[in-house]
Structures are given as structure tokens and as C-alpha cells.
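Spelled out, the chains give:
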Amino acid sequence: MTLTSRIIFAMITGISLGIILNVLEAYSLMNSVIDTLLNKWLVGNLLDAIGKIFVASLKMMVVPLVFVSLVLGASALGKNSRMGIMAGKAIVLYLLTTCIAISIAIFLANLVDPGVGMDQSTDTEFTGKEAPPIKDVVTEMVPTNPVLAMSEGNMLQIIVFSILMGIALSKIGKKGEKAQRLLESLNALIMKMVFILMQLAPFGVFALLTKLFSELGISAIMDLGAYFITVLLALLIHGIIVYGIIITVIGRLSPINFFRNVRPAVIFAFSTASSNATIPISMEVAEKRQGVSKSISSFVIPLGATINMDGTAIMQGVATVFIAQAYGIDIGLTGYLTVILTATLASIGTAGVPGVGLIMLSMVLQQVGLPVEGIALILGVDRLLDMVRTSINVTGDSMVSTIVAKSENLVDREIFNNRQE
Ligand code: ASP
């Protein structure tokens, strides 16, 4: 079996085993000894530990990988004058697709009316965390101390520092040769580390998914069925139809090949619910499967994992309509336009880690005067939706890197079109 098929196999068995355990538990079909053995020891200890080690090992690679490949990528781009134009294209595409995503979500939610008739439960309590003001997000993009930025994993700061370093490297000619060679060698080293960790991925994916699905609150999903299905539907429409159209019409590439190529990144995003932890795989997918030149993928992918969250924006769009309906508040057209703007801007400064979409939602709700406690209504189903929306987030990053590269003639069609496993 190839690595991808092993990972897919692990994913399917993990989900199935998780659901079986969940059902056995829900209907109390296990005696207490087996229950302790399976749920406490197997899932709660062993699988939990394997899953945590796996996610930690992915995260461990993110900062060194992004730093080294971004300096190299920016230095390759710095040699031609199109660097700024390419960055501009990526940012415009990221923001534009996010606006489309929320619009689809709001439109669909108004069709389905998932919150109509919900009791607006004033007794629920949830204190939303403070979301950072946009001004701070922008001004804090420049690190005062790059080492601190790296130790904290502050992606935007790392990106700014690395791009500047890469551009400078491309401008110092012969004097930069040693630094360039060192970085190239480090890059090969880090890629090898990622490759080694990837061999363990089937175990990690199996452990994460078994645990998640065995603990999923199935009754919460049933109760919030309309909300859950509306978010899923909007995610699918955006991820398959909108991205498919962009790849076909603007990229003039085969959407089938695109979706086939992006599969490994989607599986990792689904299992970890973190675009950040998926960066190493997204980079690999962009270069080795979509055929995107490293000079593009090295900055478009980490940038996307940090600022581009179409899936998250979709959840926020549907959630806003849902909460407004549940509380019987009409926010009107201006309200919806504010939601589109706020959610798009909010997605810029928020790192791709699990559950962060909900924190950003409290900011959006406050902006249009909806009760932040409304978040408590959807908490129960958020984890599963987080996994799906993160998959859309990383598919969006892959799509934008492919489109930007294609527009610059930097997609290797041979790689893009050839079926690799
Ligand atoms: N988990 C998402 C991501 O990492 C963010 C979110 O929607 O919570 O992309």
C-alpha cells in the first residue's frame, strides 16, 4: 500500500471504530470492565497519547520549515521584480474567496432558517473571549524580536521577517552565497524530517479519529441538525463548486486532478482541525502534487494557513443567522454586510488552530449587536464542523497557490496531471 492509501485506510478504520465505541457507550452495551479497558485505557490513554504526539510532531516542524523555505522562496522571487505582484494576487484571492464563502453561508442559512423556532435560551452561559482589534493585528505584524516570534509561533511575524530576509539575500550577490547554500542544506534536512514523520501518519490519524468519534456528542448533532447540515452544505458548495469553477475557469486546469492532488492535505486538516499543523503537508502537496513552484508555495501556503479561512467564515455566516433567528433578532441587510466585512477581516489575524473560529465568532456577533452567549447553542457540534471547515481552509490555500502559480506560468503541468499516490 502507498502512504496515502495507508492514511486513508487509517482514517476509515479510526472513524468506524470511534463510532462503534460511541454507540456501545451511548446504549450502555459494555460491561464496566470492558468499558474501562476500551474507553479509559485504549482511547483515553493510549490513543490520546499517540494522537497528541503526532500533532506535536507536526507542529514541531512548522516554524523551522516555514522560516527556511520562505527565506529561500522570497530570495528566488526577489531576483525577479514580480514578487509584490504575486503577493498581491494571493492576498486579493484570499480575501475575495472568503467574502464569497460568507455570502454563500448567509444566503443558504436564510433559505434553510436553521434557528427559527429555537427557544432563545437566555439561561445558557458563555463568555466570549476578547478578539484582537484589527488595528493591533496589522501593527503587530512586524516583530520587535524575531526569535520571540519564532518561539511563540507567531506566523504573521515570522512571515514578515522571513520575506524581508529572503529579499535581502537576493540583493547581496556573492556575499549571500554561503547563507543560501546553508539554507538549501537545512531545507533538505527539514524536508527529510517531515518525510520521516509522515511514515507515522497512519497511526496518528487513526488515534486522533478514533478518539474524536468515540467522544462525539451524537445527540447534540441531532438536536442541531438543521444548523449542522446548513454549515456542511455551504462548506461543500464552496469547496467543490466555487473552487472547482476557479480552478477550471481562471486556472484552466482540471478540477478532478486538483481535488485528487489536494487529498493528503485535506485528510490531515480533517484529523488535526488545524491549518497550522497541516502546513508541512500543504507545502508538500503544493510542490509535489499540484506542481506549484517552491518560490510561490513557500509563501502562499503559510500565508494562507494564517489569513485564509473560508471554511471558518462559512461557519460564522451560518452561526450568525442561526443565533439571530434563535433570539428573534433581525440584523437586516446592513447587519449582514457588516458580518461579511468583519468575518473577512477577523480571519486575517487568527492562527489556524482548533476552535479558534468560535473565538472570532464572538467578535462578529458583538459587531452586529447579537448576544455572544448564543455561541453556547452551537458549542456541542463545533468540533466535527471544525474538522470539516479546516479541510476547506487548506483546500483554499492549495487552490490559491495553484492559481497564482498558474498565472505566472509556474505550475509544472507534468506533476499536476500525473496521477501520483
Ligand atoms: N481550526 C481552523 C483552522 O485551523 C480554524 C477554526 O475555524 O477554528 O483552520
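Residues numbered from 1 in each chain as written. Predicted model: local features only at pLDDT ≥ 70, side-chain atom pairs only at ≥ 80, totals over all residues. Heavy atoms only, no water.

Student: Summarise the environment of Ile-241; cite the residues concerned and give the values.
Tutor: Position of Ile-241 among the secondary structure elements: in helix α10 (residues 225-250). Ile-241 sits 39 residues away from Pro-280 along the chain, and the two C-alpha atoms are 26 Å apart. (Helix = DSSP H or I, 4+ residues; strand = E, 2+ residues; numbered from the N terminus.)

Student: Go over empty space enclosed by the protein with me, naming the residues and quoting the values.
Tutor: On inspection of all chains with the given rule, the structure shows 2 cavities of 30 Å³ or more. When its volume is computed, the largest cavity comes out at roughly 70 Å³. Along the wall of the largest cavity there are 13 residues; nearest its centre are Thr-312, Val-353, Asp-386, Thr-390 and Asn-393. Secondary-structure elements contributing two or more residues to the lining of the largest cavity are α16 (356-367) and α18 (382-407). For the lining of the largest cavity, the element with the highest residue contribution is α18, accounting for 4 residues. (1 Å grid on protein atoms, 1.4 Å probe; cavity = no way out; pocket = protein on both sides within 12 Å on 5 of 7 lines; lining within 4 Å. Points joined across faces, edges and corners; volume = space filled by probe spheres on them.)

Student: Can you tell me about the site of the ligand, naming the residues and giving the values?
Tutor: Every one of the 14 residues lining the ligand counts as a neighbour, but Ser-275, Thr-312, Gly-357, Asp-386 and Arg-389 are closest to it. The separation between an oxygen atom of the ligand and a polar side-chain atom of Ser-275 is 2.3 Å. Contact distances for the ligand include 2.7 Å between a nitrogen atom and a side-chain N or O atom of Asp-386. Mapping the ligand onto the cavity grids shows that it belongs to the largest cavity. Put simply, the parts of the chain that give the shell around the ligand at least two residues each are α16 and α18. Per element, the largest residue contribution to the shell around the ligand is 4 residues, and it comes from α18. Looking at the shell around the ligand residue by residue, the class counts come to 4 nonpolar, 8 polar and 2 charged. (Near = heavy atom within 4 Å. Polar contact = N/O pair within 3.5 Å; in protein donor to acceptor, adjacent residues only side chain to side chain. Sits in = over half its atoms within 2 Å of the grid points. Nonpolar A, V, L, I, M, F, W, Y, C, P; charged D, E, K, R; others polar.)

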